[in-house]
Amino acid sequence: MPETLTLYTAKLCPYAQRVEIALAETKLPFTRYEIDLGNKPDWFTPKVNAAGKIPAVAYGGPIVPPESPSPESQKIAESLVLLEFIADISGGALLPKDPVLRARVRLFIDVVSNKITPAVIGFAFQGKPVDDLWTAIEAIQPLILGKYAVGDEFTIADAALIPFIARGKIVLKYDIGKFEVGVGLKAYEILQTDPRFEKFRRYIADVEARDSFKNTFDEEYLKEWYTTRFARN
Ligand SMILES: N[C@@H](CCC(=O)N[C@@H](CS)C(=O)NCC(=O)O)C(=O)O
């Protein structure tokens, strides 16, 4: 009988989607609990994650309602830690056995954290130049080794990247972000057609085609949310 696992998450959050994708890939049973980030429940920070952030997991202990987490369960946070944790408890899925490939997974994730994530957030929400995004994609593209990041098996490297690219694409496609009107659309056109990014595009299409992505991603919901958040006056 597997340990109980409750995931505290939110549809909005790319970090949380990483973990939802990993859980969907492994088919581990879990309870999903949506946290309203605009109105976090009082019990969440003291009882689940002192940092007040999702994603967070309660693992093990007795079966309890998600709103009353047991002191006996282990509370674990941070999306990248959780990706490795899920790979560990799934008994070998999502992380190759070969040490070289494991290193490649971690290198890929390092580039996601240090280049892709800041470039997507920077352009979409902080008024930073789109060129940073092109530089980041050029940095990660050579690291794509097969259909997925490190070969033909889907790994936590793919789960770490895709929520940010998918959200970035919404921001560009619907031209909703912290930039002048039309700038997002122009960038979307470049992303979708520039021969420089051909390999990256094919890779992203393969990851987005997986059920684990499709079933954890609500484009309409995100579009609505970004539109409200970044409405131009
Ligand atoms: N480094 C964390 C980042 C998680 C994070 O920033 N989560 C945001 C939502 S996307 C959050 O919970 N914010 C709530 C708050 O800061 O009050 C991770 O990788 O899990």
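All values derive from a computational prediction rather than experimental measurement.

K.L.:
Any chance you could break down the domain arrangement of the protein for me, citing the residues and the numbers?
P.N.:
Per the domain assignment, the segments of the protein are domain 1 (5-89) and domain 2 (99-229). Relative to domain 2, the C-alpha centre of domain 1 lies at a distance of 24 Å. Taken together, the contact pairs 16 residues of domain 1 with 23 residues of domain 2. Together, the buried faces of domain 1 and domain 2 total about 1,800 Å²; carbon and sulfur atoms form 63% of this surface.

K.L.:
An account of unusual backbone geometry is requested, with residue identities and associated values reported.
P.N.:
In this model, Ile54 is joined to Pro55 through a cis peptide bond whose omega is 5°. Within the element layout of this structure, Pro55 appears in the loop between helix H2 (44-47) and strand E3 (56-59). Residues other than glycine seldom take positive phi values, yet Lys27 does so here, at roughly 60°. Residue placement: Lys27 occurs in the loop between helix H1 (14-26) and strand E2 (31-34). Although it is not a glycine, Glu78 sits at a positive phi angle of roughly 80°. Structurally, the position occupied by Glu78 is in the loop between strand E4 (74-77) and helix H3 (79-89).

K.L.:
So, the environment of Leu83: which residues are in play, and what are the values?
P.N.:
Note on placement: Leu83 falls in helix H3. Here Leu83 falls in the buried class, since its relative accessible area comes to 0%. Between the C-alpha atom of Leu83 and that of Lys199, which follows or precedes it by 116 residues, the distance is 25 Å. If we ignore the near neighbours within four places in the chain, the residues touching Leu83 are Arg18, Val19, Ala22, Ile156, Ala159 and Ala160.

K.L.:
Which residues make up the site of the ligand, and what values go with them?
P.N.:
Taken together, Cys13, Tyr15, Leu37, Lys40, Gly52, Lys53, Ile54, Pro55, Glu78 and Ser79 make up all the residues around the ligand. Measuring from an oxygen atom of the ligand, one finds a side-chain N or O atom of Lys40 at 2.7 Å. When isolated, the ligand has an accessible area of 520 Å², and the protein chains bury 71% of it. A per-class count over the shell around the ligand returns five nonpolar, two polar and three charged.

Conventions adopted
- Residues numbered from 1 in each chain as written.
- Predicted model: local features only at pLDDT ≥ 70, side-chain atom pairs only at ≥ 80, totals over all residues.
- Heavy atoms only, no water.
- Domains from an automatic or database assignment.
- Contact = heavy atoms within 4.5 Å.
- Buried area = accessible area lost by both parts, 1.4 Å probe.
- Helix = DSSP H or I, 4+ residues; strand = E, 2+ residues; numbered from the N terminus.
- Buried < 20%, exposed > 50% of the residue type's maximum accessible area, 1.4 Å probe, protein only.
- Near = heavy atom within 4 Å.
- Polar contact = N/O pair within 3.5 Å; in protein donor to acceptor, adjacent residues only side chain to side chain.
- Areas by Shrake-Rupley, 256 points an atom, 1.4 Å probe, with all protein chains shown as cover.
- Nonpolar A, V, L, I, M, F, W, Y, C, P; charged D, E, K, R; others polar.

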